[in-house]
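Chain and residue survey
Now for the letters of each chain:
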Amino acid sequence: MIYTIEKITTLIGARRFGEENANIGFLLTDSRSLCFPEETLFFALKSGRNDGHHYIPELYRRGVRNFVVEDVPENMEQVYPKANFLKVINSLEALQRLAERHRDEFNIPVVGIAGSNGKTMVKEWLYQILSPNMHVTRSPRSYNSQIGVPLSVWLMNEQTQVGVFEAGISKPGEMLALRDIVQPSIAVLTNIGTAHQENFSSMEEKCHEKLIFFHDAEKMVYDGDDTLVTKVLATFDYKGEKLYWSLKDKTAPLYIKAVEKKDTATTITYIYKGGEENRYSIPFIDKASITNSVTCAIVALQLGITPDQLDERMQLLEPVAMRMEVKEGRHGCTLINDSYNSDFKSLDIALDFMNRRPDHKGRTRTLILSDIVQSGEQPEKLYREVSDLVCKRGVEKFIGIGPVMFSQRDNIQVADKSFFTTVKEFIHSPVFDNLHDEVILIKGARQFGFDRITELLVQKVHETVLEVNLNAMVDNLNYYRSFMKPETKLVCMIKADAYGAGSVEIAKTLQEHRVDYLAVAVADEGAMLRGNGITSNIMIMNPEMSAFKTMFDNDLEPEVYSFRLLDALVKAAEMEGITDYPVHIKLDTGMHRLGFDPEHDMEELISRLKHQNAVIPRSVFSHFVGSDSDNFDEFSAHQFELFDKASRQLQAAFDHKILRHIDNSAGIEHFPERQLDMCRLGLGLYGINPRNNGVINNVSTLKTTILQLRHVKAGDTVGYSRKGTIEHDSVIAAIPIGYADGLNRHLGNRRCYCLVNGQRAQYVGNICMDVAMIDVTGIDCKEGDSVEIFGDNLPVTVLSDVLDTIPYEVLTGISNRVKRIYFQD
Ligand SMILES: *Cc1c(COP(=O)(O)O)cnc(C)c1O
């Protein structure tokens, strides 16, 4: 649906500057996602740290002409002669208002989904169940935020027959806006869990906040057996129809009479609104899938799907891959695997994701795409649109797979293109063999079997992997940012290969989230990041005298902690003819490791800095010895005092601003009043709260698989030196991880355990170099099953406590041969 700019001006109550006519089809809030500039309306949003107004010049250059702003640029007639600026008080509210007015245009059922878990799965499954009967518009991926929801609702158009949207909140007060935008006629509450609990005083408060979403909905769908929900609901004046389900209450609108699990499927017997007994089956047996399917069943029956149709479609439900997987592939390729779904909108999002990766220059951007499974569009038109999109998104090599794709090959306008009717044809072709040094987006509807392509392209080295959840890392980043003023800058410590998580992918994500500095230990780490397209400021904490040239060549800014280092650096810079090279001055306020003495060295330091122009102090800092413990508060205060005085002295000697910083992860949380100009975030980013050894959001999960199972009789022993005595007949599993992978030998001999299908399995006997043995007696498992060494379900601190060390040592000890796999929504 196209809106004129005049209409939008009225709808959002803006004051318009500029008189150009324009038709708007696309809303944009993130400049990196620009695709169709002429028809785009950009909302300059101000968030804590970022200000969308900064991107106006760049967007204007790229062809955007329409902007919603809080501040109209000066001299706009001269600088932006062809632009329209719509001035509002708050750009985010304007975006939400526009979505709300757009929603008002539709008198169709709209399903709104709120709750702590399962929103995306319910939404995608509803799509799978409903879309053969009706045209469904839904939130792309998990667009469920204050920005994501309006962008999702905007996607409704003349063809839409039902809307299905997610609503997610992280703090009180957010739900009201989302309700007004979605205006759900059927509101679904999946459940109430503990996510984002830190911002709510109680579960009930959170439950209440969620219920705001339901207030005016005609129908509300929820779990009638959930006591918290029913309790809160009883106190809440809800006038609509309550469509709850229950396993106990025979009078429930959806009474679940039986749930029968078989090997790979579950059959659910139900009675809907007192009618006949019916049943449906799903190809899953886990609890979340069963619950989500019941929720979908109520909504679908409510929307007129018959019990037979329901059963037919439930059996075909596909798992929802929630996250895009990035993997290192063979021959220098990076693989982005998106099997989420295969419609046009999700292709756009995946291409956008690919483009945001600052991978090596000189690598080809390749797309492997299956037939697009989307009802209602003429293939010619659809594939011409696909061609337009992939060209705009900079795809250089196009590989199309599937019969429709093959027949539409002339409509794809990418110069380097090839087409195959099946995956098999493709993997036996020279096109497959010739893939090298490419960033490859693999996007295929499930029935095409693209898994096979990924399997063949991934480097297989070892069956032990470290899974790194980039979303969790971003959540941790935001957790710490919440203690900081918006203007305080942030250094993220990614030394020691990002505390073991792998510095390149971590750096890419942090760069995308616009942290001010990245810090690594040595120059080679920094150079490697540059080689991988990292353009952020990079600090080198332990600059070696032999690596100055590497630093200069790669714009790496060294820490300077001694006169000897300073002199050598100045000399090296002078020889290269370099002036004003930024450096970071470290003061020793109590660690007694490295640094200038704040009480005795300052005058000398200032004088030496003043009498040269090769380097310039960009920042001055010191490091707390014990900000993680209240026991050291007095000492920390003493450190701060020394630092405060000496750093002011340094600043006073120079006209330019010198950033002062001392807070590390624990300091940010414990002494936010000492945040000064910048903070340095380390361990907290990777999920460990150094204040209490708790986990904020777990980032890294170390996993392996069972290689072999065997029965061992009582009296026998397991492993080297006959250390693992078996007292009762036992089942022992061998797993391919040993001390050479970073599994410390001191965890062996039943001192620690790992998790097999959620149950604890102790290490038996000595841990070997490449293999360990665990006791799985009584645990339901088989060869090939996954084993968690630490991670989402087993905090790394359990291991570090057994080893009487700190989690840093365990995390940084994971060896390089363990492949890192990154996940991102
Ligand atoms: C490692 C390091 C940090 C980060 O410390 P965390 O406790 O992990 O937050 C901060 N500053 C310096 C100088 C460091 O070496």
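All values derive from a computational prediction rather than experimental measurement. (Residues numbered from 1 in each chain as written. Predicted model: local features only at pLDDT ≥ 70, side-chain atom pairs only at ≥ 80, totals over all residues. Heavy atoms only, no water.)

1. Quick notes on the environment of E380
Here is the rule we go by: Helix and strand definitions follow DSSP, with helices as H or I runs of at least four residues and strands as E runs of at least two, each counted in order from the N terminus. Relative accessibility under 20% of the residue-type maximum defines a buried residue, over 50% an exposed one, and the middle range a partly exposed one, all with a 1.4 Å probe and only protein chains included.
Within the element layout of this structure, E380 appears in helix α13 (residues 379-392). Given a relative accessible area of 36%, E380 falls into the partly exposed group. Separated by 352 residues in sequence, E380 and L28 place their C-alpha atoms 28 Å apart.

2. A closer look at the nonpolar core
What counts is decided by this rule: By nonpolar core is meant a set of buried Ala, Val, Leu, Ile, Met, Phe, Trp, Tyr and Cys residues that side-chain atoms within 4.5 Å join together.
Core analysis: the biggest nonpolar cluster contains 111 residues, and Y763 and I789 have the highest contact counts within it. Of the residues forming this core, the biggest block, seven residues, is contributed by helix α23 (residues 563-575).

3. Section: the sheet that holds strand β21 (residues 416-420)
Inclusion rule: Paired strands, as defined in this entry, are two strands with at least two bridges between them according to DSSP. Note on method: axes are straight lines fitted to C-alpha atoms, helices fitted across the in-contact stretch only, with angles between N-to-C directions ranging 0 to 180 degrees.
Here 12 strands make up an open sheet; going across it, the order is β21-β20-β19-β22-β18-β17-β43-β23-β34-β42-β39-β40 and the pairing mixed. Where the open sheet ends on each side, the last strands, each with one partner, are β21 and β40 (759-762). Ignoring strand direction, the axes of neighbouring strands in this sheet form an average angle of 25 degrees. When strand β20 (residues 397-401) meets β21, the two strands line up parallel, connected through five bridges. From the neighbouring strand, I401 faces β21, where its bridge partner is F420.

4. Some thoughts on the layout of surface pockets
Rule in force here: A pocket here means an open set of points on a 1 Å grid, computed over the protein atoms alone, that has protein on both sides within 12 Å along at least five of seven lines. A cavity is instead a set of points where a 1.4 Å probe fits but cannot get out; residues with an atom within 4 Å of a point line either one. Grid points are joined across faces, edges and corners, and a volume is the space filled by probe spheres set on the points. Under the scheme applied, nonpolar residues are Ala, Val, Leu, Ile, Met, Phe, Trp, Tyr, Cys and Pro; charged residues are Asp, Glu, Lys and Arg; polar residues are all the others, including Gly.
In this structure, the second largest pocket occupies an estimated 710 Å³ of space. In terms of lining, the second largest pocket is formed by 32 residues, of which the most central are K495, M591, H623, N664 and Y808. When residues in the lining of the second largest pocket are grouped by element, the largest group, three residues, is from helix α19 (residues 495-499). Looking at the lining of the second largest pocket, its residues break down into 17 nonpolar, nine polar and six charged.

5. Brief notes about the site of the ligand
Rules: Proximity criterion: a residue is near a molecule or strand once any of its heavy atoms comes within 4 Å of it. Any pair of N or O atoms that falls within 3.5 Å is considered a polar contact. Within protein, one atom must be able to donate a hydrogen and the other to accept it, and sequence-neighbouring residues count only if both atoms are side-chain atoms. Here the Shrake-Rupley method, with its probe set to 1.4 Å, supplies the accessible areas, and only the displayed protein chains count as covering residues.
Contacts to the ligand come from M493, K495, Y499, M541, H623, N664, S665, R680, G682, L683 and Y808. A distance of 2.6 Å separates an oxygen atom of the ligand from a polar side-chain atom of K495. Separating an oxygen atom of the ligand from a side-chain N or O atom of N664 is a distance of 3.4 Å. Protein contact buries 93% of the 390 Å² of open area that the ligand shows by itself. Its residues assigned to classes, the shell around the ligand shows five nonpolar, four polar and two charged.

6. Considerations on empty space enclosed by the protein
Here is the rule: Domain limits in this description derive from either an automatic procedure or a database domain assignment.
Throughout the structure, instances matching the rule amount to four cavities of 30 Å³ or more. Considering only enclosed or pocket space, the largest cavity measures out at about 100 Å³ in volume. Residue lining of the largest cavity: 10 residues in total, with R357, K508, T509, E512 and Q824 positioned closest to the centre. Sorting elements by how many residues they give to the lining of the largest cavity places helix α20 (residues 503-512) first, with four residues. Class assignment of the residues belonging to the lining of the largest cavity gives a composition of three nonpolar, two polar and five charged. Per-domain counts for the lining of the largest cavity show at least three residues from each of domain 3 (324-460) and domain 4 (468-695).

7. Details of the confidence of the model for the chain
Keep this limit in mind: Residue-level confidence of the predictor is what pLDDT reports, using numbers from 0 through 100.
Within the chain, residue pLDDT values average 90, and 97% of them lie at 70 or more. Mean pLDDT per element in the chain: helix α8 (residues 203-212) is the minimum at 77, and strand β6 (residues 66-69) is the maximum at 98.

8. Quick notes on unusual backbone geometry
Phi at R514 is positive, roughly 55 degrees, even though this residue is not glycine. Inspection of the secondary structure puts R514 in the loop between α20 and β25 (517-520). The class of R514 is partly exposed, set by a relative accessible area of 33%. Although it is not a glycine, D580 adopts a positive phi angle of roughly 50 degrees. D580 sits in the partly exposed class, given a relative accessible area of 45%.

9. A word on the UniProt feature "domain: Alanine racemase C-terminal" (unreviewed entry) in the chain
Put simply, the rule reads: UniProt positions are given in the numbering used here, feature names are shortened, and annotations may be inferred rather than shown by experiment.
Here the UniProt-annotated "domain: Alanine racemase C-terminal" (unreviewed entry) positions come out as residues 699-823. The span residues 699-823 shows a helical share of 10% and a strand share of 34%, and its end C-alpha atoms are spaced 10 Å apart.

10. Overview of the domain arrangement of the chain
So the rule is basically this: Two residues form a contact once any of their heavy atoms are found within 4.5 Å. Buried area is calculated as the accessible area (1.4 Å probe) missing from two parts once they are joined, with the contributions of both summed.
By the assigned domains, the chain splits into domain 1 (3-96), domain 2 (106-314), domain 3 (324-460), domain 4 (468-695) and domain 5 (700-824). A straight line from the C-alpha centre of domain 3 to that of domain 5 covers 38 Å. Contact with domain 3, which involves seven residues of that partner, is made by five residues of domain 5. Counting the surface lost from both domain 3 and domain 5, the interface buries some 530 Å², and carbon and sulfur atoms represent 52% of this.

11. Looking at the pattern of salt bridges
Once the charged atoms of two side chains with opposite charge are near each other, the side chains can pair. Definition in use: One speaks of a salt bridge when a side-chain nitrogen belonging to Lys or Arg is within 4 Å of a carboxyl oxygen belonging to Asp or Glu.
Inspection of the entire model under this criterion finds 35 salt bridges. When the shortest N-O distance is used, the salt bridge between R179 and D180 registers 3.4 Å. Judged by its relative accessible area of 17%, R179 falls in the buried class. Judged by its relative accessible area of 29%, D180 falls in the partly exposed class. Across the salt bridge formed by R660 and D644, the nearest N and O atoms sit 2.9 Å from each other. A residue pair is termed long-range when its members are at least 10 positions apart, and R660 in strand β30 (residues 659-661) and D644 in helix α25 (residues 633-652) qualify at 16 residues. The pair formed by R660 and D644 is uniform in burial state, with each residue classed as buried. It is possible to trace a salt-bridge network through shared partners that takes in K123, E124, R138 and E166.

12. Looking at the packing of aromatic side chains
Heads up, the rule is: Two aromatic rings from Phe, Tyr or Trp, using only the six-membered ring of Trp, form a pair when their centres are within 6.5 Å; if the ring planes differ by under 30 degrees the pair is stacked, by over 60 it is edge-to-face, and anything between is tilted.
The final tally for this structure, using the stated rule, is 20 aromatic pairs. Ring centres of Y499 and Y686 lie 4.6 Å apart, and the angle between their planes is 20 degrees; this geometry places the pair in the stacked category. With Y499 in helix α19 and Y686 in the loop between β31 (678-681) and β32 (688-689), this residue pair connects regions lying 187 residues apart in the sequence. Just as Y499 is buried, Y686 falls in that class too.

13. Digging into the UniProt feature "modified residue: N6-(pyridoxal phosphate)lysine" (unreviewed entry) in the chain
According to UniProt, the "modified residue: N6-(pyridoxal phosphate)lysine" (unreviewed entry) feature falls on K495. On the secondary structure map, K495 appears in helix α19. Excluding its chain neighbours within four sequence positions, the residues that come into contact with K495 are A519, V520, A521 and E525.

14. Digging into the environment of E576
Structurally, E576 can be placed in the loop between α23 and β28 (581-586). Through-space distance from the C-alpha of E576 to that of C296 is 67 Å; in sequence the pair is 280 residues apart. The contact partners of E576, leaving out residues within four places of it in the chain, are K549 and F552.

15. Here's the deal with the packing of helix α5 (residues 119-130) against helix α10 (residues 287-302)
This is how it is decided: Should an angle fall under 35 degrees it is called roughly parallel, over 145 degrees roughly antiparallel, and 65 to 115 degrees roughly perpendicular, with every other angle called oblique. Each crossing gets its handedness from the near helix: less than a right angle anticlockwise from the far helix is left-handed, clockwise is right-handed.
Orientation of α5 relative to α10, taken along the N-to-C sense of each, is 50 degrees, at an axis distance of 9 Å. The angle between α5 and α10 falls in the class oblique. Of the two possible hands of crossing, α5 and α10 adopt the one that is right-handed. Touching M121, V122, W125, L126, I129 and L130 of α5 are S289, N292, S293, T295, C296, V299 and A300, all from α10. Looking at the contact of α5 with α10 residue by residue, the classes come out as nine nonpolar, four polar and no charged.

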